[in-house]
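# Structure at a glance
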Amino acid sequence: MKRKKKTLMILITGMFLLTAAGILGGIKIYRVHKAHQCGIVLAFDDYNAQSWEEHFDLFDQYDAKVTFFVNCSEPTDFCYHAVERGHEIGFHTINHVDLKTASADEVYAQAIAPIEVFREKGFELTSFAYPFGSYNEELNELLLQHYKVLRGAYHYELVGKHQMRNGFVDSLPIDNVKYSSDEEFEKRIDEILAELDENTGAIVGLYSHAIGDGDWCVSEKRLEYVLKRAHEMGIQFYTFKELQEN
Ligand SMILES: [Zn+2]
């Protein structure tokens, strides 16, 4: 009887240790997987609230969280709706000003003062996209005292996740006008996704403005191509903020 009890105790202890090891191992695997996961930071600039909001369901369909770099002086209804759906509100100046040619006062009023206005209404602006992709080192230095990440608007750039925590990162436009056909667009996207897939923990920034058929928009068909292909390949869509907190 005594022996039976001892055997039972050993068995229970063993099972407990195995379970604990399993959970810890699981956490470690999850962490490694998270660090290795590559992704896209997809963004939309300016202020196209209606067009963006009409596509919230499409983003959900492919588990895509995106960043909207808005031009407005204070949070609008759209900003609240976007955050409720898991997206990020980033900033793009109040009036889409070219900061390189603006005075110091104007830079402050357009890009820095609004941070406090948004904060008072519950928005922590930590990501900023330069209007016209226009920037210089001096602006980077100044704005990085107020934002975590500053985004450019011209080039394809494959970066490591750690580079998304702080500093300047570029981003590739996916506006309709930049690609002569759907085929050319899809070919470029396939190349980008393949490169992401080969590079552990790599991140690429893509952006457009509204969703539709205009020149400076991305068509619904092309947008869905990006969302669907990435989703199929297990490439994740991150907001800028998510990677800053990573
Ligand atoms: Zn813009």
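Note: the structure precedes this text.
Analysis parameters
Residues numbered from 1 in each chain as written. Predicted model: local features only at pLDDT ≥ 70, side-chain atom pairs only at ≥ 80, totals over all residues. Helix = DSSP H or I, 4+ residues; strand = E, 2+ residues; numbered from the N terminus. Buried ≥ 20, exposed ≤ 12 C-beta atoms within 10 Å, placed from the backbone. Contact = placed C-beta atoms within 7 Å. Expected span 1.5 Å × (residues − 1). Bend = angle between axes of the 7 residues up to and from the residue. Pairing = 2+ DSSP bridges. Core = buried A, V, L, I, M, F, W, Y, C linked by C-beta atoms within 7 Å. Right-handed = clockwise from strand over helix to strand, strands pointing away. Axes fitted to C-alpha atoms, helices over the stretch in contact; angles between N-to-C directions. Parallel < 35°, antiparallel > 145°, perpendicular 65-115°, else oblique. Left-handed = near helix turned anticlockwise from the far one by under 90°. Arc of directions from axis to C-beta.

### Considering the overall build of the chain
A tally of regular secondary structure across the chain gives 9 helices and 12 strands. When its C-alpha atoms are laid out on the principal axes, the chain stretches across 85 × 45 × 35 Å. A burial count over the chain gives 33% of its 246 residues as buried. Considering only contacts in the chain between residues 6 or more positions apart, those separated by 24 or more positions represent 65%.

### A word on helix α5 (residues 104-120)
For α5, built from 17 residues, the straight-helix expectation of 24 Å at 1.5 Å per residue is met to within 8% by its first-to-last C-alpha distance of 24 Å. Its maximal kink placed at Ala113, α5 deviates by approximately 35°, while the proline Pro114 follows within four residues. For α5, the full list of buried residues reads Gln110, Ala111 and Pro114. Buried residues along α5 sit in contact with β3 (88-91), β4 (127-129) and α6 (137-143).

### A look at the pairing of strand β9 (residues 202-208)
Most of β9 sits inside the fold, with 7 of its 7 residues counted as buried. Side chains of β9 alternate between two faces, with Ala202, Val204, Leu206 and Ser208 and Ile203, Gly205 and Tyr207 buried alike. Note that strand β6 (residues 158-160) and β9 share 3 bridges and pair antiparallel. Residue pairing in the sheet places Val159 in a bridge with Ile203 of β9. Of the pairings in the sheet, the one linking strand β8 (residues 172-173) to β9 comprises 2 bridges and is parallel in character. Residue pairing across strands places Leu172 opposite Leu206, the latter belonging to β9.

### Overview of the environment of Ser180
With respect to the helices, strands and loops of the structure, Ser180 is situated in the loop between β8 and α7 (182-198). Remark: the alpha-carbon pair of Ser180 and Asp197, spanning 17 residues in sequence, is separated by 26 Å.

### Notes on the nonpolar core
Ile40, Val41, Leu42, Ala43, Val66 and Phe68 are the most contacted members of the largest nonpolar core, which totals 54 residues. When near neighbours in sequence (up to four residues on either side) are disregarded, Val41 contacts Thr67, Ile203, Gly205, Tyr238, Phe240 and Leu243.

### Some details on the environment of Asp98
Structurally, the position occupied by Asp98 is in the loop between β3 and α5. Linking Asp98 and Ser127, residues 29 residues apart in sequence, is a C-alpha distance of 17 Å. Apart from the residues within four sequence positions on either side, Asp98 is in contact with Pro131, Phe132 and Ser134.

### A few points about the pairing of β3
Here β3 shows two buried faces, one formed by Glu88 and Gly90 and the other by Ile89 and Phe91. Relative to β3, strand β2 (residues 67-70) runs parallel, the two sharing 4 bridges. The residue bridging Thr67 from the neighbouring strand is Glu88, located in β3. Handedness of the crossover is the feature at issue here: the chain leaves β2, passes through helix α4 (residues 77-84), returns alongside β3, and the resulting connection is right-handed.

### Quick notes on unusual backbone geometry
Backbone geometry at Asp46 places phi at a positive 80°, although glycine is not the residue there. The residue Asp46 is located in strand β1 (residues 39-46) in this model. With 17 C-beta atoms counted inside 10 Å, the residue Asp46 sits in the partly exposed group. For Thr93, which is not glycine, the phi dihedral falls at a positive 75°. Counting through the fold element by element, Thr93 comes out in the loop between β3 and α5.

### A word on the packing of α7 against helix α8 (residues 220-232)
Here α7 crosses α8 at 25°, and the two axes come no closer than 11 Å. Classified by the angle their axes make, α7 and α8 are roughly parallel. Crossing geometry of α7 relative to α8 is assigned as right-handed. Every residue of α8 that contacts α7 at Asp182, Phe185, Glu186, Ile189 and Leu193 is listed here: Lys221, Arg222, Tyr225, Val226, Arg229 and Ala230.

### Points about α7
With 17 residues, α7 extends 24 Å between its outermost C-alpha atoms, agreeing within 8% with the 24 Å of an ideal straight helix rising 1.5 Å per residue. Within α7, burial applies to Phe185, Ile192 and Leu196. Mapping the buried residues of α7 onto a view down its axis gives an arc of 40°, with all of them on the same face. Set apart from the buried face of α7 by more than 90 degrees, the exposed residues are Glu183, Glu184, Lys187, Glu191, Ala194 and Glu198. Considering only its buried residues, α7 is in contact with β9 and α8.

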